[in-house]
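Report on the structure
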Amino acid sequence: MRAPARRPRVRSAALAAASALLLGLAAAPTAGAAADGHHRPATLHELAREHGRYFGSAVDNPELTDTAYADLLGREFGTTTPGNGMKWYATEPQRGDFDFTAGDEIVDYARAHHLKVRGHTLLWHSQLPDWLTSGTWTAAELRAILRNHITQVVKHYRGKVFAWDVANEIMNEDGTYRENIFYTTLGPGYIADALRWARAADPTVKLYLNDYNVDGLGAKSDAYYALIKRLKADRVPIDGFGLQGHLALQYGFPAGVEENLRRFAGLGLDVAFTELDIRMILPADATKLAEQADWYGRITEACLAVRRCVGITLWGYSDRHSWIPAVFPEEGAALPWDEELRHKPAYDAIRSALSGG
Ligand code: G3I
């Protein structure tokens with residue numbers, strides 16, 4: 001049974017202002033004046049900022065040449081995350097040979113549009129360069145490789161990203177550790193090491209663990225809760241937990257989202273939806289789009305209900321550019337803007353949640 005959706009609790013102005021300050025978000029009006037003097041509606045980010053939150057969208061480098069898409073992203077959102085440009089295959093294509101071209105392009109685009117950048121990701125089992133996955137490494141060698149990668153990338157983006165997904169998708173669905181190259185060679189201690197190396201390279205950036213299927217309560221989010229509690233007890237630097245939020249209507253709304261956010265916040269962490277999209281089995285129809293809208297509204301409300309939920313990032317904002325059709329060919333229509341960059345019901349639901357219902 002579904003719990004009734006809670007209304008967002010708008011926090012006191014002082015708290016919101018303090019939080020906004022921490023995120024480097026200046027106080028903002030809810031609507032801007034266009035050059036002709038007419039007022040335009042507030043953007044999702046402007047509405048989120050009223051609550052001390054951000055609203056962002058990922059962008060992949062090739063999408064920057066779609067100027068209508070890139071311009072709208074730059075106007076509507078307050079943060080962006082490179083969809084691929086800061087991953088290991090892109091940043092260290094050959095051992096010790098770093099290439100920041102793709103990531104820098106996103107940082108430059110973000111700066112030009114006054115967006116802040118979430119760094120994604122220092123360590124993942126996927127999209128690793130061939131030299132790394134095809135090599136045979138002793139533990140000492142792989143440790144040095146991981147340390148150098150994290151150090152170089154984090155130093156390069158110091159002051160340019162406000163958060164890092166330090167380790168991405170390190171757990172299995174049943175809450176055991178994923179057997180990625182780092183786990184199998186170094187054991188579970190690689191996670192604490194990665195966080196410590198990232199902190200050493202940038203003392204102020206927010207350090208996150210990030211995963212999918214951890215939005216609600218369950219074995220996988222339980223495992224993260226236990227891990228982060230241990231990391232905290234061991235004084236390992238960790239600032240946040242990222243819930244990717246790759247949801248699908250056919251699997252039902254995750255159970256206990258707000259409770260889940262709250263328990264991680266209770267560990268003294270920030271939480272954020274980092275890659276939100278809500279796909280459906282195609283074709284889309286009015287019923288599915290209405291349910292999708294309801295889900296987007298509920299996720300937004302859950303974030304607003306938990307003080308340490310700092311923001312929401314969509315994994316792309318329009319059905320024009322989405323990772324989903326390539327991976328799930330029968331599915332899609334997952335974003336709040338359609339392929340023609342028109343608002344879908346989901347956009348109105350987010351807006352309404354951010355406006356207090
Ligand atoms: O770079 C090659 C290009 O040279 C080649 O011509 C082209 C042909 O297919 O492929 C290009 O690589 C693609 C890459 O994105 C860059 O565009 C890969 O095929 C494609 O699989 C890859 O997909 C990315 C995916 O991560 C990989 O797992 C998506 O764009 C990206 O949105 C997605 O993002 C992940 C997050 O990082 C972590 N959480 C899940 C999320 C969705 O899968």
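Look a little higher up for the structure.
Residues numbered from 1 in each chain as written. Predicted model: local features only at pLDDT ≥ 70, side-chain atom pairs only at ≥ 80, totals over all residues. Heavy atoms only, no water.

**Brief notes about the overall build of the chain**
The line we're drawing: A run of H or I in DSSP counts as a helix once it spans at least four residues, and a run of E counts as a strand once it spans at least two, with each numbered from the N terminus. Only protein chains enter the accessibility calculation, which uses a 1.4 Å probe; a residue is then buried when its area is under 20% of its type maximum, exposed when over 50%, and partly exposed in between. A contact between two residues is defined here by any heavy atoms of the two lying within 4.5 Å. The Shrake-Rupley method, run with a 1.4 Å probe, gives the accessible areas here. Residue values count only the displayed protein chains as cover.
The helix and strand inventory of the chain stands at 14 helices and 10 strands. For the chain, the residues scored as buried account for 57% of the 357 residues in total. Taking as baseline every contact in the chain between residues at least 6 positions apart, the subset at least 24 positions apart corresponds to 75%. When the accessible area of the chain is evaluated, it comes to approximately 15000 Å², of which 53% is carbon and sulfur surface.

**Re the side chain of Glu76**
What counts, and what does not: Under this rule, positive means Lys or Arg and negative means Asp or Glu; His and the chain ends count for nothing. For this analysis, a salt bridge means a side-chain nitrogen from Lys or Arg found within 4 Å of a carboxyl oxygen belonging to Asp or Glu.
Its place among the elements puts Glu76 in helix H3 (residues 67–76). The buried charged residue Glu76 lacks any salt bridge partner; its closest oppositely charged side chain belongs to Arg351, at an N-O distance of 5.2 Å. Here Glu76 is in contact with Thr43, Leu44, His45, Trp337 and Tyr347, once residues within four sequence places are set aside.

**Quick look at the site of the ligand**
Short version of the rule: Whether a residue is near a molecule or strand depends on its heavy atoms: if one lies within 4 Å, it is near. Throughout this description, a polar contact denotes any pair of N or O atoms lying within 3.5 Å of each other; where both atoms belong to protein, one of them has to be capable of donating a hydrogen while the other can accept it, and for residues adjacent in sequence the pair is counted only when both atoms sit in side chains.
Near the ligand there are 16 residues, and of these Asn84, Lys87, His120, Glu275 and Trp315 occur at the shortest range. One of the side-chain nitrogen or oxygen atoms of Asn84 is found 2.9 Å away from an oxygen atom of the ligand.

**Observations regarding the packing of aromatic side chains**
Cut-off, in case you're wondering: Pairing of aromatic rings covers Phe, Tyr and Trp, the last through its six-membered ring, and needs centres within 6.5 Å; plane angles under 30 degrees mean stacked, over 60 mean edge-to-face, and all others mean tilted. We call a charge positioned over a ring when the NZ of a Lys or the CZ of an Arg lies within 6 Å of the ring centre and within 35 degrees of the ring normal.
One pass over the structure, following the stated rule, counts 19 aromatic pairs. An angle of 90° between the planes, with centres 5.6 Å apart, marks the rings of Phe100 and Tyr157 as edge-to-face. Of this pair, Phe100 sits in the loop between helix H4 (88–91) and helix H5 (101–112) while Tyr157 sits in the loop between helix H7 (139–156) and strand S4 (163–168); the two residues are 57 residues apart in sequence, bridging distant segments of the chain. Classification of Tyr157 by relative accessible area gives buried; the value is 0%. One Lys or Arg, Arg118, reaches over the ring of Tyr208 and ends 4.7 Å from the middle of that ring. Positioned above the aromatic ring of Phe253, the side-chain terminus of Arg298 is 4.0 Å from the ring centre.

**Brief notes about the environment of Val236**
Relative to the assigned elements, Val236 resides in the loop between helix H10 (219–233) and strand S6 (240–243). Using a relative accessible area of 5% as the deciding quantity, one classes Val236 as buried. Separated by 42 residues in the primary sequence, Val236 and Ala194 place their C-alpha atoms 9.8 Å from one another. In this view, Val236 contacts Ala192, Leu195, Arg196 and Leu231; residues no more than four positions away in its chain are not counted.

**Details of the nonpolar core**
Basically, it comes down to this: Residues belong to one nonpolar core when they are buried, are Ala, Val, Leu, Ile, Met, Phe, Trp, Tyr or Cys, and are joined through side-chain atoms within 4.5 Å.
Residues Trp164, Ile170, Leu209 and Phe241 are the most contacted members of the largest nonpolar core, which totals 98 residues. No other element matches the eight residues that helix H9 (residues 190–201) contributes to this core. Formed by six residues, the second largest nonpolar core is a distinct cluster that contains Phe162, Ala163, Ala272 and Val310.

**Considering the pattern of salt bridges**
As enumerated under the stated definition, the model contains 15 salt bridges in all. The residue Asp222 makes a salt bridge to Arg263 at a minimum N-O spacing of 2.9 Å. Placement of the pair is Asp222 in helix H10 and Arg263 in helix H11 (residues 257–265), with a sequence separation of 41 residues. A relative accessible area of 38% means that Asp222 is categorised as partly exposed. Arg263 gets classed as buried once you look at its relative accessible area, which sits at 19%. Close ionic contact of Asp270 with Arg308 constitutes a salt bridge, the shortest N to O distance being 2.9 Å. Here Asp270 is found in strand S8 (residues 270–281), whereas its partner Arg308 is found in the loop between helix H12 (286–305) and strand S9 (309–314), with 38 residues between them in sequence. Look at the salt bridges and you will find they share partners, linking Glu173, Asp211 and Lys220 into a network.

**Things to note about the environment of Asp338**
Residue placement: Asp338 occurs in the loop between strand S10 (331–332) and helix H14 (345–354). Owing to a relative accessible area of 15%, Asp338 belongs among the buried residues under this scheme. For the pair Asp338 and Ser318, spaced 20 residues apart in the sequence, the C-alpha separation amounts to 5.3 Å. Ignoring anything within four residues of it in the chain, the contact list for Asp338 reads Ser318, Asp319, Arg320 and Lys344.

**Observations regarding the packing of H11 against H12**
Formally: Convention adopted: a line fitted to C-alpha atoms gives each axis, helices being fitted over their contacting stretch, and angles between N-to-C directions are expressed from 0 to 180 degrees. Roughly parallel refers to an angle under 35 degrees, roughly antiparallel to one over 145, roughly perpendicular to one between 65 and 115, and oblique to any angle outside these ranges. By convention the crossing between two helices is left-handed if the near helix lies anticlockwise of the far one by an angle smaller than a right angle, and right-handed if it lies clockwise. We call Asp, Glu, Lys and Arg charged. Ala, Val, Leu, Ile, Met, Phe, Trp, Tyr, Cys and Pro are nonpolar, and the rest, Gly among them, are polar.
H12 packs onto H11 with a crossing angle of 30° between their chain directions and a minimal axis gap of 9 Å. One way to sum up the angle between H11 and H12 is to call them roughly parallel. Our pair here, H11 against H12, has a crossing hand that is right-handed. Counting all contacts with H11, which are made through Val257, Glu258, Leu261 and Arg262, the residues of H12 involved are Ile299, Ala302, Cys303 and Ala305. When its residues are assigned to classes, the contact of H11 with H12 shows six nonpolar, no polar and two charged.

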